[in-house]
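Listed below, chain by chain, are the residues.
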Amino acid sequence: FRGVAVHLPAIWTDLSCRCHGHALVGLYAERSSGLGLNICSSDQYLDPKSPHPHDPYKPDACARFFQATLPYRDDWRSFFYLGNHSNHLSLRKHLRLPRLEELRVCKDNRHIFENYKMPVVKSVLLFDVIPQRPLASSLTRFSIILNKPTGMNREDCTSLLGFFEATPSIVDLQM
């Protein structure tokens, strides 16, 4: 069974901060054999009283995980991150993500994702963040979830309207 699993690239494409840690990133990237990687840099479900499953230094576990995935960013197919990770310098870079098809962003008040070069992104899900500029001409599916207790203000509405006007390729919209 091990021999089959090691040579089955499809089972090596999903990498998550909370399940894999930084030490396994290279192994997964190698065994995925170029199929592309799905990166989830989120520690929101980790128990703060117990150490990270693959990294005993929990406070910086996701930062080290994300740093370990950066050399493989040309292979990212999907990427999910929380806005509180925008403190990490590696996230703030103008990342070139040539294969990224799906982006999910949660509470990124700094709009770091808007600086990424994502020429083939097809699907974007934003949670508690409103885009301020277009992302890519390839974008066809856009979902936004806003849990603002005060609702949307005029500036939010103007930003969202400007985004929609500048992104006519969206055919699937969920709000």
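Residues numbered from 1 in each chain as written. Predicted model: local features only at pLDDT ≥ 70, side-chain atom pairs only at ≥ 80, totals over all residues. Heavy atoms only, no water.

Peer 1: I'd like a description of the nonpolar core, backed by residues and values.
Peer 2: Formed by 37 residues in total, the largest nonpolar core has its most connected members in Trp76, Phe79, Leu103, Phe113, Tyr116 and Phe142. Contributions of two or more residues to this core are made by helix H2 (25-31), strand E2 (37-41), helix H3 (61-69), strand E3 (76-82), strand E4 (102-106), strand E5 (123-127), strand E6 (141-145) and helix H5 (154-166). For leucine 103, the contacting residues outside a window of four places in its chain are Phe79, Phe113, Met118, Val121, Ser123, Val124 and Leu125. (Core = buried A, V, L, I, M, F, W, Y, C linked by side-chain atoms within 4.5 Å. Buried < 20%, exposed > 50% of the residue type's maximum accessible area, 1.4 Å probe, protein only. Helix = DSSP H or I, 4+ residues; strand = E, 2+ residues; numbered from the N terminus. Contact = heavy atoms within 4.5 Å.)

Peer 1: So, the packing of aromatic side chains: which residues are in play, and what are the values?
Peer 2: Each pair of aromatic rings is reported with the distance of its centres and the angle of its planes. Within the structure shown, the criterion is met by 9 aromatic pairs. Ring geometry for phenylalanine 142 versus phenylalanine 163: centroids 4.8 Å apart, planes at 40 degrees, classification tilted. Taken together, the residues phenylalanine 142 in strand E6 and phenylalanine 163 in helix H5 connect sequence positions 21 residues apart. For phenylalanine 163, a relative accessible area of 1% translates into the label buried. Taking 5.8 Å as the distance between ring centres and 85 degrees as the angle between the ring planes, the aromatic pair formed by phenylalanine 142 and phenylalanine 164 counts as edge-to-face. Pair noted here: phenylalanine 142 is in strand E6 and phenylalanine 164 is in helix H5, with a separation of 22 residues, a long-range link. With relative accessibility at 0%, the residue phenylalanine 142 sits in the buried group. Cluster of aromatic residues (ring-pair linked, three or more members): Phe66, Trp76, Phe79, Tyr81 and Tyr116. Here the basic side chain of arginine 31 rests over the ring of tryptophan 12, its NZ or CZ set 4.7 Å away from the ring centre. (Phe/Tyr/Trp six-rings, centres within 6.5 Å; stacked < 30°, edge-to-face > 60°. Lys NZ or Arg CZ within 6 Å of the ring centre and 35° of its normal.)

Peer 1: So what's going on with the environment of cysteine 17? Which residues, and what values?
Peer 2: Within the secondary structure layout, cysteine 17 lies in the loop between strand E1 (14-16) and H2. When its relative accessible area of 0% is taken as the criterion, cysteine 17 is described as buried. Distance in space between the C-alpha atoms of cysteine 17 and cysteine 40 is 6.3 Å, their sequence separation being 23 residues.

Peer 1: Explain H5 to me, and be specific about the residues and the numbers.
Peer 2: If you check H5, its first and last C-alpha atoms are 18 Å apart, about what 13 residues at 1.5 Å a residue would give, namely 18 Å. All of the buried residues along H5 are Asp156, Leu160 and Phe163. The buried residues of H5 all sit within an arc of 60 degrees when viewed along its axis, so they share a single face. Residues of H5 that are exposed and point more than 90 degrees away from the buried face comprise Arg154, Glu155, Thr158 and Glu165. (Expected span 1.5 Å × (residues − 1). Arc of directions from axis to C-beta.)

Peer 1: Which residues make up the pairing of E2, and what are the values?
Peer 2: With respect to burial, E2 is a largely interior element, 5 of its 5 residues being buried. Alternating residues of E2 divide into Leu37, Ile39 and Ser41 and Asn38 and Cys40, and every residue in both groups is buried. Of the pairings in the sheet, the one linking E1 to E2 comprises 3 bridges and is parallel in character. Across the sheet, residue serine 16 finds its bridge partner in E2, namely cysteine 40. Following the backbone out of E1, through H2 and into the adjacent parallel E2, one traces a crossover that is right-handed. (Pairing = 2+ DSSP bridges. Right-handed = clockwise from strand over helix to strand, strands pointing away.)

Peer 1: So what's going on with the environment of proline 134? Residues and values would help.
Peer 2: You can see proline 134 is positioned in the loop between E5 and E6. A sequence separation of 31 residues divides proline 134 from glutamate 165, and the C-alpha atoms of the two residues are 8.9 Å apart. Setting aside residues no more than four positions away along its own chain, proline 134 makes contact with Phe163, Ala166 and Thr167.

Peer 1: How would you sum up the pattern of salt bridges? Please name residues and give values.
Peer 2: Under the definition given, this model contains 4 salt bridges. In this structure, the salt-bridge partner of arginine 96 is aspartate 74, at a minimum N-O distance of 3.2 Å. Of this pair, arginine 96 sits in the loop between helix H4 (89-92) and E4 while aspartate 74 is found in the loop between H3 and E3, placing the two residues 22 residues apart along the sequence. Aspartate 74 gets classed as partly exposed once you look at its relative accessible area, which sits at 39%. (Salt bridge = Lys/Arg side-chain N within 4 Å of Asp/Glu carboxyl O.)

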